[in-house]
Amino acid sequence: FCCEAPGMVGLRIDLMSRMRGCPPFATLWRRRAEVELPEIGVVALLSLPDLVQAKKTQRDKDWPMIRRLVEVHYLQNRAKPNFRQVRFWLTECRTAPLLIELAKVFAVECRRLARKRPLLEAVLAGNVAAVEAGLLAEELAQRAADREYCAPLRKELQRWRRQRP
C-alpha cells in the first residue's frame, strides 16, 4: 500500500503487510529495536538482522545500505562479539575483504555456516575474485526473487490507483 499524506507535499508512506523473506509482524515486533529520539520519544525499528533482510530488494539503493549496515555493526562490536553477531556478519556481509577477515578470525563458525552460505567456501580459501563473483550472484538472485514477489503486488497497486476517484 502506498499513499501520499494529506498536507505533506512530497511525503510518501509505503506500507506492506508482509515483506519478502521476513517473518510475520508479530515476530518482527518481538525482535524490534527501540531508540530514543530527542523531542519525539521512543521509536520502534526493525532489528538490524530484520532490516538487512527487508533491504534485499531489486532497488539499487538498498544494496549499498546493506553493506554499510553490516560493516558499521561489525566495527562497533568486533572487540567483544557474541555468537549471534558473528553469525550475522558471516551470513550477511557484502564486502569481500571483510568477509575474508571474518573467516580468518572466526574460521570454525565460517566452516559451519558454509553449508548455509556456499560462498563462504571461497571466503575460507581467500579467493577474492570468487568471493566478489559469489556476492554478485547472491545479489542478483535476491533481486530476481524480489521482482517475482512484487510483480502481482504492482499489478494490484496499479489497479487500485486506477479505481481511486
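Draft legend 1. Molecular detail of the state of the cysteines. All chains considered together, the criterion is met by 0 disulfides. No disulfide involves Cys93; its sulfur sits 11 Å from that of Cys110, the nearest cysteine. Cys93 gets classed as buried once you look at its relative accessible area, which sits at 1%. Cysteine Cys150 shares no disulfide, and the gap to the nearest cysteine sulfur, in Cys22, comes to 12 Å.

Draft legend 2. Looking closely at the layout of surface pockets. Each pocket or cavity is described by its volume, and for the second largest pocket that value is around 710 Å³. Lining the second largest pocket are 21 residues, with Pro49, Phe88, Thr91, Glu92 and Lys116 positioned closest to its centre. Sort the elements by how many residues they give to the lining of the second largest pocket and helix α4 (residues 83–92) lands first, with 6 residues. Per-class residue counts for the lining of the second largest pocket are 4 nonpolar, 7 polar and 10 charged.

Draft legend 3. Local environment of the packing of helix α3 (residues 62–77) against α4. Running from N to C, α3 and α4 point in directions that differ by 150 degrees, and their axes come no closer than 10 Å. Relative to α4, α3 is oriented roughly antiparallel. Note on packing geometry: the crossing formed by α3 with α4 is left-handed. Where α3 approaches α4, its residues Ile66, Val70, His73, Tyr74 and Asn77 are matched on the opposing element by Gln85, Phe88, Trp89 and Glu92.

Draft legend 4. Representation of the nonpolar core within the structure. Counting 26 residues, the largest nonpolar core has Trp89, Leu90, Leu99, Leu102, Leu120, Val123 and Val131 as its most contacted members. Within the residue set of this core, elements represented by two or more residues are α3, α4, α5 (96–105), α6 (107–113), α7 (119–125) and α8 (128–163). At 6 residues, the largest contribution of residues to this core is made by α5. With residues near it in sequence (within four places) discarded, Val123 still touches Leu99, Ile100, Ala103, Cys110 and Val131.

Draft legend 5. The arrangement of the side chain of Arg20 in detail. By the secondary structure assignment, Arg20 is in the loop between β2 (12–14) and α1 (25–30). Since its relative accessible area comes to 16%, Arg20 is described here as buried. A distance of 2.9 Å separates polar atoms of two side chains, one belonging to Arg20 and the other to Gln142. Residues within four places of Arg20 in sequence aside, it is in contact with Gln53, Lys56, Gln142, Ala145, Asp146 and Tyr149.

Draft legend 6. Main features of α3. Taking 1.5 Å of rise per residue, 16 residues should cover 22 Å, and α3 covers 23 Å from first to last C-alpha, within 8% of that figure. Asp62, Trp63, Ile66, Val70, His73 and Tyr74 are the residues of α3 that are buried. Each buried residue of α3 sits inside an arc of 110 degrees when the element is viewed along its axis, so together they form one side. Of the residues in α3, the exposed ones pointing more than 90 degrees away from the buried face are Leu75 and Gln76. On its buried face, α3 is in contact with α2 (48–54), α4, α5 and α8.

Definitions and cut-offs
- Residues numbered from 1 in each chain as written.
- Predicted model: local features only at pLDDT ≥ 70, side-chain atom pairs only at ≥ 80, totals over all residues.
- Heavy atoms only, no water.
- Disulfide = S-S within 2.5 Å.
- Buried < 20%, exposed > 50% of the residue type's maximum accessible area, 1.4 Å probe, protein only.
- 1 Å grid on protein atoms, 1.4 Å probe; cavity = no way out; pocket = protein on both sides within 12 Å on 5 of 7 lines; lining within 4 Å.
- Points joined across faces, edges and corners; volume = space filled by probe spheres on them.
- Helix = DSSP H or I, 4+ residues; strand = E, 2+ residues; numbered from the N terminus.
- Nonpolar A, V, L, I, M, F, W, Y, C, P; charged D, E, K, R; others polar.
- Axes fitted to C-alpha atoms, helices over the stretch in contact; angles between N-to-C directions.
- Parallel < 35°, antiparallel > 145°, perpendicular 65-115°, else oblique.
- Left-handed = near helix turned anticlockwise from the far one by under 90°.
- Contact = heavy atoms within 4.5 Å.
- Core = buried A, V, L, I, M, F, W, Y, C linked by side-chain atoms within 4.5 Å.
- Polar contact = N/O pair within 3.5 Å; in protein donor to acceptor, adjacent residues only side chain to side chain.
- Expected span 1.5 Å × (residues − 1).
- Arc of directions from axis to C-beta.

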